[in-house]
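Fold and geometry: a report
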Amino acid sequence: SIPVLLWPENPNNLWVALGGLALGLILFFYQWVGWYFSLFIVTNQRLRQITQKGFFNRSVIDLGLSKIQNISYNIPGLSGAMFRFGTLVVQTYVGDLYLDKIEHPQKIYDQITDAIKQYAKGGEMVTTHEKDVE
């Protein structure tokens, strides 16, 4: 839109601005698809993360609750506090699993730790949460 503001008499600048807007909308939609169709599920036996990357790429990570060593979460500054999102880090023997842009990370952290405690006791507990992420 800057060329239109600087040189309003040139009609070609309007097409440049509209092309930039269209490109921005396409990139936004591409990121939104990944965020909307990504989720994770916590059951009484495992944690499953399904991540959509773009339109056609999907990855699934399945992790047993017995393999989890530690869980932590991070709320990144003012924007994370205002919009209530953060990152959960699930540490295992093999490596770390990052669950990015989680809505209400403290609640999800509590649910996962409760599921791990119930698993350790041998109890039945099923918790499901869809994660609106990239």
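Above this note sits the structure.
As a starting point, this report considers the structure included with it. Model, not experiment: these values are computed from the prediction. Residue numbering note: each chain is counted from 1, following its sequence as written. Thresholds applied to this predicted model are a pLDDT of at least 70 for local features of residues and 80 or more for the giving and counting of side-chain atom pairs; totals over whole chains, interfaces and linings are not thresholded and use all residues. Excluded from the side-chain calculations are hydrogens and water; all other atoms, namely the structure's heavy atoms, are used.

1. With respect to the pattern of salt bridges
When a carboxyl oxygen of Asp or Glu is within 4 Å of a side-chain nitrogen of Lys or Arg, the pair counts as a salt bridge. Taken as a whole, this structure holds two salt bridges when the rule is applied. Across the pair Arg46 and Asp62 runs a salt bridge, and its minimum N-O distance is 3.0 Å. Of this pair, Arg46 sits in strand 2 (residues 46-53) while Asp62 sits in strand 3 (residues 57-64); the two residues are 16 residues apart in sequence, bridging distant segments of the chain. Exposure classes here rest on a 1.4 Å probe applied to the protein chains alone. A residue is buried below 20% of its type maximum, exposed above 50%, and partly exposed in between. Judged by its relative accessible area of 39%, Asp62 is partly exposed. Notably, a salt bridge pairs Asp62 with Arg48, separated by 3.5 Å at the nearest N-O pair. Taken together, the positions of Asp62 in strand 3 and Arg48 in strand 2 put the pair 14 residues apart, joining distant regions of the chain. The helix and strand labels rest on DSSP assignments: H or I over at least four residues marks a helix, E over at least two residues marks a strand, and numbering proceeds from the N terminus.

2. Focus: a nonpolar patch on the surface
Together, Phe28, Phe29, Tyr30, Trp32, Trp35, Tyr36, Phe37, Phe55 and Phe56 line one region of the surface with nonpolar side chains, adding up to about 1,000 Å² of accessible area. For Tyr30, the position within the fold is in helix 2 (residues 12-36). Overall, Tyr30 belongs to the partly exposed group, its relative accessible area being 36%. Two joining distances apply to patches: 9 Å for like charges and 5 Å for nonpolar side chains (Val, Leu, Ile, Met, Phe, Trp, Tyr), and every residue must have over 30% relative accessible area and no salt bridge. For the accessible areas, the method is Shrake-Rupley and the probe is 1.4 Å, while residue cover comes only from the protein chains on display.

3. Section: helix 4 (residues 105-121)
Expected helix span is computed as 1.5 Å times (number of residues minus one). An ideal rise of 1.5 Å per residue puts 24 Å on 17 residues; helix 4 measures up with 24 Å between its terminal C-alpha atoms. Within helix 4 the residues assigned to the buried category are Pro105, Ile108, Ile112, Thr113 and Ala115. Viewed along the axis of helix 4, the buried residues span an arc of 155°, placing them on a single side of the element. Opposite the buried face of helix 4, at more than 90 degrees from it, the exposed residues are Lys107, Lys117 and Lys121. Positioned one or two residues after helix 4, Gly122 has a phi angle of 85°, which is positive. Taken from the helix axis, the directions to the C-beta atoms give the arc we talk about.

4. Comments concerning the environment of Leu65
In this fold, Leu65 is placed in the loop between strand 3 and strand 4 (68-74). The class for Leu65 is buried, based on a relative accessible area of 2%. Through-space distance from the C-alpha of Leu65 to that of Leu47 is 6.6 Å; in sequence the pair is 18 residues apart. The contact definition used throughout considers only heavy atoms, calling two residues in contact when any of these lie within 4.5 Å. Dropping the residues within four chain positions of it, Leu65 is found in contact with Thr43, Asn44, Gln45, Arg46, Leu47, Ala115, Ile116 and Tyr119.

5. Description of the packing of aromatic side chains
By convention, a stacked pair of Phe, Tyr or Trp rings (six-membered ring in the case of Trp) has centres within 6.5 Å and planes under 30 degrees apart, an edge-to-face pair has planes over 60 apart, and any other such pair is tilted. All told, the structure shown has eight aromatic pairs when counted by the stated rule. Taking the centre distance of 5.8 Å and the plane angle of 35° together, the rings of Phe29 and Phe55 count as tilted. Within this pair, whereas Phe29 is found in helix 2, its partner Phe55 is found in the loop between strand 2 and strand 3, the two being separated by 26 residues in sequence. For Phe29, a relative accessible area of 42% translates into the label partly exposed. A relative accessible area of 41% means that Phe55 is categorised as partly exposed.

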